[in-house]
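Architecture at a glance
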Amino acid sequence: MGYEAQKITMELNTSYHSREEIVDIFSELTGTKVDSSFMCFPPFYTDFGQNITIGKNVFFNTGCSFQDRGGITIGDGSLIGKCHHCYT
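Residues numbered from 1 in each chain as written. Predicted model: local features only at pLDDT ≥ 70, side-chain atom pairs only at ≥ 80, totals over all residues. Heavy atoms only, no water.

Section: the environment of Ile22
As for its position among the elements, Ile22 is in helix H2 (residues 19-30). Of the residues examined, Ile22 reaches a relative accessible area of 2% and is grouped as buried. Along the backbone, Ile22 and Thr53 are 31 residues apart, and their C-alpha atoms lie at a distance of 15 Å. Setting aside anything within four residues of it in sequence, one finds Ile22 in contact with Leu12, His17, Phe38, Met39, Cys40 and Pro42. (Helix = DSSP H or I, 4+ residues; strand = E, 2+ residues; numbered from the N terminus. Buried < 20%, exposed > 50% of the residue type's maximum accessible area, 1.4 Å probe, protein only. Contact = heavy atoms within 4.5 Å.)

Details of the nonpolar core
Counting 20 residues, the largest nonpolar core has Phe26, Phe38, Phe44, Ile54 and Phe60 as the members making the most contacts within it. Mapped onto this core, the elements with two or more residues apiece are helix H1 (3-13), H2, strand S1 (39-40), strand S3 (52-54) and strand S5 (64-66). For this core, the element with the most residues is H2, which contributes five residues. Ignoring sequence-local partners within four residues, the contact set of Ile54 consists of Phe26, Thr30, Val34, Phe38, Phe60 and Ile74. (Core = buried A, V, L, I, M, F, W, Y, C linked by side-chain atoms within 4.5 Å.)

Looking at the packing of aromatic side chains
Across all of its chains, the model carries eight aromatic pairs by this definition. Measuring from ring centre to ring centre gives 5.0 Å for Phe41 and Phe59, while their planes differ by 85 degrees; the resulting arrangement is edge-to-face. Pair noted here: Phe41 is in the loop between S1 and strand S2 (44-46) and Phe59 is in strand S4 (residues 59-60), with a separation of 18 residues, a long-range link. The exposure class of Phe41 is partly exposed, given its relative accessible area of 41%. Here the aromatic rings of Phe60 and Phe66 are separated by 5.1 Å at their centres, their planes lie at 75 degrees, and the arrangement is edge-to-face. (Phe/Tyr/Trp six-rings, centres within 6.5 Å; stacked < 30°, edge-to-face > 60°.)

A word on the side chain of Thr30
Locating Thr30 in the fold gives a position in helix H2. With a relative accessible area of 3%, Thr30 lands in the buried category. A polar contact of 3.2 Å, which involves the side chain of Thr30, links it to the backbone oxygen of Thr32. If we ignore the near neighbours within four places in the chain, the residues touching Thr30 are Gly49, Gln50, Ile52 and Ile54. (Polar contact = N/O pair within 3.5 Å; in protein donor to acceptor, adjacent residues only side chain to side chain.)

Okay, structure coming up:
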């Protein structure tokens, strides 16, 4: 994990933040302005952050973890949640 991403996600995940603060934190994490319609319920994890592009009206539910070394583009209107696997 990049040290800067680790610092930013630690800030995100260890205290309450308003929606506006979350947008600002993700803008810092990704290095680009994230649209004000974005929302995330922490915790959130990523290895670099700078390789993530987030569209408009995007929602991350609690517990998302991204490995963005190769780049991740999240289109407008995407809703992403933690994946749960069922084993029988």
